[in-house]
Amino acid sequence: MHLGRTTLSKFLIQQLAGAGDQGKLAALLVDVAAAVKAISAMTAKGALGGFLGAIDQTNVQGEQQKKLDVLANDAMVTATEWGGLVAGLASEELDEPYVIPEGFARGPYLLVFDPLDGSSNTDVNVSVGTIFSVLKHDRDEAPATIDYLQPGASQVAAGYAIYGPATMLVLSVGQGTHGFTLDREIGNFILTHPNLAIPEDSSEFAINTSNARFWEPPVHRYVTECQAGKAGERGRDFNMRWIASMVAEVHRILMRGGVFMYPKDTKDPAKPGRLRLMYEANPIAMLIEQAGGAASTGRHRLLDLAPEQLHQRVPVILGSKNEVQRIVRYHAEYARGEDKPFVSPLFNERSLFRTQEFL
Ligand code: AFP
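Residue numbers run consecutively from 1 along every chain, following the written order of its sequence. The model is predicted, so local features are restricted to residues of pLDDT at least 70 and side-chain atom pairs to those at 80 or more, both for listing and for counting; the totals for chains, interfaces and linings are taken over all residues. Side-chain numbers here rest on the full set of heavy atoms in the structure, without hydrogens or water.

A.B. asks: What should I look at first to understand helix 6 (residues 246-256) in this one?
C.D. replies: Type-normalised accessible area, obtained with a 1.4 Å probe on protein chains alone, sets the label of each residue: buried when under 20%, exposed when over 50%, and partly exposed for intermediate values. Under the scheme used here, helices are H or I runs from DSSP no shorter than 4 residues and strands are E runs no shorter than 2 residues, and both carry numbers assigned from the N terminus. Most of helix 6 sits out of view: nine of its 11 residues are buried. Listing the buried residues of helix 6 in full gives Met 246, Val 247, Ala 248, Glu 249, Val 250, His 251, Arg 252, Ile 253 and Leu 254.

A.B. asks: It is not clear to me how the pairing of strand 8 (residues 167-172) should be interpreted in this structure. Could you clarify?
C.D. replies: Walk down a regular strand and you will see the side chains alternate between the two sheet faces. For strand 8, a buried count of six out of six residues is recorded, marking the element as mostly surrounded by other parts of the structure. Here strand 8 shows two buried faces, one formed by Thr 167, Leu 169 and Leu 171 and the other by Met 168, Val 170 and Ser 172. Should DSSP find at least two bridges between two strands, the strands are regarded as paired. Two strands pair when backbone bridges link them, and strand 8 and strand 9 (residues 178-183) are joined in this way by four bridges, in the antiparallel orientation. Of the residues in strand 9, the one forming a bridge with Met 168 is Thr 181. Counted between consecutive antiparallel strands, the loop separating strand 8 from strand 9 contains five residues, among which Gly 174 sits at a positive phi close to 95°.

A.B. asks: Would you mind showing me how to read the site of the ligand here?
C.D. replies: Consider each residue's heavy atoms; a residue with any of them within 4 Å of a molecule or strand counts as near. In the neighbourhood of the ligand, 15 residues make up the surrounding shell, with Asp 117, Ser 120, Met 246, Tyr 262 and Arg 274 lying closest. Pairs of N or O atoms within 3.5 Å make up the polar contacts considered here, provided that, within protein, one atom can donate a hydrogen while the other can accept it, and that residues adjacent in sequence are counted only when both atoms are side-chain atoms. Ser 119 places a main-chain nitrogen or oxygen 3.3 Å from an oxygen atom of the ligand. Trp 242 places a polar side-chain atom, nitrogen or oxygen, 2.9 Å from an oxygen atom of the ligand. Method for areas: the Shrake-Rupley scheme with a 1.4 Å probe, in which residue coverage is limited to the protein chains shown. Here the ligand has 480 Å² of accessible area as a free molecule, and 88% of this is covered by the chains. When residues of the shell around the ligand are traced back to their parent elements, those giving at least two are strand 13 (259-262) and strand 14 (275-276). Each residue is assigned to one class: nonpolar for Ala, Val, Leu, Ile, Met, Phe, Trp, Tyr, Cys and Pro, charged for Asp, Glu, Lys and Arg, and polar for all the others, Gly among them. A breakdown of the residues in the shell around the ligand according to their chemical character gives six nonpolar, five polar and four charged. Formed jointly, the shell around the ligand draws a minimum of three residues from each of two domains, domain 1 (8-193) and domain 2 (204-342). Segment limits for the domains were obtained from an automatic or database-derived domain assignment.

So far we have only geometry, and geometry alone does not tell us how the molecule works.
The structure is reproduced here in structure tokens:
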């Protein structure tokens, strides 16, 4: 038991003791936590609960939906539509924003979420997550889509749940990034990781290298230097990870540093990136910056972007500040034509000359 430990509710009351709608924000986050507990129970049952597998429908992203995608979405809607705290909801799994039904009062917030991120991993029992973002809605009228299109810097709260060996909730209300672990015995989230801080330097990067042929030169330059390790520009060896579940990559970075990249590439020119701005990039970027890290498209700070569409995609490069800043610098040098010519040892004239010396 964790008697005396700080529960999520106690933490939120302490952090949001201010006037105005702060109490409603705390209540909304408690409702989100209730949905997370339900989703955690379903992911933990897996095949025993009949929750695995796909269904015969695709979402607005054109992706085939998993059963858990739909069930997680329903859990988030059911837990938050009723309380008079939100004016509307938007989800990766819904083409259009969700209109709060007649009979439920509307509130001052908009909740935007990816109910189950990494769902391609559910059937192989790899950690998945829920990502959520909270925005203000200051009009009495029901929100139109345009009301959701606020820059990430406007978020009043953001967080994710990770359904791993333990279920954790990591969130920020603008006063740092904090982690809570679900104690299933008492059904409560306990503050276990207060004030998370990302190391500014790291020797670990995460990227899907099967896309290397589609990357822009600055990304090639950064990854190639990491792979060169001690023998190359960086003078030290690097480690690589790729879980294909953003929440799991981000959680690792919050725990021990690193950099995560899903950069702009030429794989599908119609898509400026794979990840979605409103309910993946923006909430995660808030958590990363609140923990002392950096989050960029490679060219712009993610939280500064002015959204144009609810489901728009963006390039994402985030994590340890000094590594992200190096990648951003490489993009700027590339734009100015100043990036060091990308030479691998094999083609470097000097090294070829050296080889001839000993022929
Ligand atoms: P799914 O939710 O469709 O599994 O996508 C997960 C994700 O959006 C993000 O969580 C991963 O980092 C990324 O996609 C993995 O993309 P690849 O499958 O191209 O590696």
